[in-house]
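Residue strings, one per chain:
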Amino acid sequence: MDGPKRSQLRVRLRVTARRRGGDGAEGSGSGGSGAGGAGGRKRRLDAPVLNSAAKLQRREIGGRQLAARGGGPAAAVPERFRNMRLQEEFDTYDDNAHLFVKLQFLKKRSKIIEIVAAKDIIFALAHSGLCAAFNRVTNKRIAFLNLSPDEVIRSLFYNKNNDSLITVSVYASDNFSTLKCRTTPIEYIRRNQLDAGFALFETESLKWPGFVEFDDVNGKVLTYSAQDGIYKVFDLKNYSFLYSIPDENVQEIKISPGIMLLIYDRTTSYVPLKILSIEDGKPLKSFRHLLHRNKKIDFIEQFNEKLLVKQEDENFQILDVRSSDLIEVCASKFMTPSAFIFLYENNLFLTFRNRTVAVWNFRGELVTSFEDHLLWHHDCSTNNIYITSDQDLIISYCKSEAVADDGTVTPIGSINMSEIMTGKCIAKIAANDPALSEPDTPRTRRNGRTKRSSFQSTVPEALEDVTALFYDEDRNEIYTGNRHGLVHVWSN
């Protein structure tokens, strides 16, 4: 049987250690608002006002290919989401948390910042650093993944190469200053045999500003040890060491399919750049990119052979590093976004700015504007955004047009599914949709009143303050987490 289709979206999750003495609760985030304290850069490029690495953490989420469900793929797209309803609710909060954790903030109800699903298991990470695994078949909690009473889990990464979950954690015992990675096979998690996992990269000192970065497309792991002043690349399949890169004057490393871009400390008039082979670290090209003097660098990004550069109040530049052809886009037409998502199969990229999403090509042309896709959150966290593996749909938590009986706008969002190439909204899960009925099983709510449901939240409650979102393409289910630490399952 063929393995799952490898998404050509960047699945590049970087987690950076915090300064020594940082609060564990604040440092427990993973990407975006799931990003908490995880910055993307060793040092900033002239401290840009909008740091895409810090905001998005370069995490561009893809999933596995959706199995055919009747008809051709294009015809099946709207049908995927028809009659999506609230089917289940999971709670990451546990009244007995004091029995197995000793940190006070781990015992409190906390918002969900990241959701990952694999093989019928849902992993939900709370901002406190507590992470729970739920079995979607039995609809029961399997376990909490925090093995130590003082462990604060900051991020999750599902490694498709060996069907395992990697957790990145910090510990109170060393003042939350060092990142520790651990991998556990999914099958052992399903059996609640968490001790079957093992530690990764134990030879590396991942203290601030050190980091670990998982790159799914190339199947590599990049670590940076500030103490040793060295970057190292490992194989994501078996975690074997491949090669190292000294950090002399290296300000940042960007990863693209097949290559790495080394960005060195800038001079007044240019920034030195070097392209390496991702497989063996051999240099492929060294060059300088000219800069406008005394202007801050908003961003430098790499996409295959294209180099994207933007300086403050200057035109957006797209340089072909092979041919040296340069395209400039007027600064008034392309304003600095807060985040990017590269769509490698389509040779396009998404930009996020002021809650809006746009699609661009590498000729500097605007391809798509979305008609009904105003994001709820300002921070553009991809923990509230999902791009399908075919790169045809974007699913996000968006602003809703729902109004209360008195005519006021409600603080309830909607889950919008839009076509990337056309910008059309093809489906929506909204609280004012009369088709969203609830199950008929009586249940007592937290306020003591009885409601007919197999869970405690109503549809409007489940759509209020959504802080994380994930789409399981295998099961055709959407999972959302909210500020109360609840996870909701939407399925048809």
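Keep in mind that what you see is a predicted model, and the values were worked out from it rather than measured.

Chemist: Would you mind going over the sheet that holds strand β7 (residues 151-159) in detail, with residue names and values included?
Modeler: Strand order in the open sheet formed by four strands is β7-β8-β9-β10, with antiparallel pairing between adjacent strands. Strands at the two margins of the open sheet, each flanked by one partner only, are β7 and β10 (198-200). Shown here is a sheet whose adjacent strand axes are inclined to one another by a mean of 30 degrees, direction ignored. Relative to β10, strand β9 (residues 180-185) runs antiparallel, the two being bridged by three bridges. From the neighbouring strand, C181 faces β10, where its bridge partner is L200.

Chemist: Hey, could you go over the nonpolar core for me, with residue numbers and the actual values?
Modeler: In summary, soluble globular proteins display a tendency toward joint burial of nonpolar side chains. Counting 55 residues, the largest nonpolar core has F214, I478 and W490 as its most contacted members. Top contributing element to this core by residue count: strand β33 (residues 466-472), with four residues. Not counting residues up to four positions away in its chain, the partners in contact with I478 are F81, I395, I415, M417, I429, L469, F470, Y471, H488, V489 and W490. Counting residues in each nonpolar core, the second largest holds 18 residues, with V116, I121, A133 and I142 among its members.

Chemist: Tell me about the sheet that holds strand β20 (residues 306-311), and please be specific about residues and values.
Modeler: In a beta sheet, neighbouring strands are held together by backbone hydrogen bonds and run either parallel or antiparallel to one another. A sheet is described by the order of its strands in space; here four strands give the open sequence β19-β20-β21-β22, paired in antiparallel fashion. The open sheet has two free edges, formed respectively by β19 (297-303) and β22 (326-329), since each of these has just one partner strand. This sheet shows a mean twist of 15 degrees between the axes of neighbouring strands, independent of strand direction. With five bridges joining them, β20 and strand β21 (residues 316-320) adopt antiparallel strand pairing. Directly across from V309, in β21, lies its bridge partner Q317.

Basis of the calculations
- Residues numbered from 1 in each chain as written.
- Predicted model: local features only at pLDDT ≥ 70, side-chain atom pairs only at ≥ 80, totals over all residues.
- Heavy atoms only, no water.
- Pairing = 2+ DSSP bridges.
- Helix = DSSP H or I, 4+ residues; strand = E, 2+ residues; numbered from the N terminus.
- Axes fitted to C-alpha atoms, helices over the stretch in contact; angles between N-to-C directions.
- Core = buried A, V, L, I, M, F, W, Y, C linked by side-chain atoms within 4.5 Å.
- Buried < 20%, exposed > 50% of the residue type's maximum accessible area, 1.4 Å probe, protein only.
- Contact = heavy atoms within 4.5 Å.

By themselves these figures say nothing about function.
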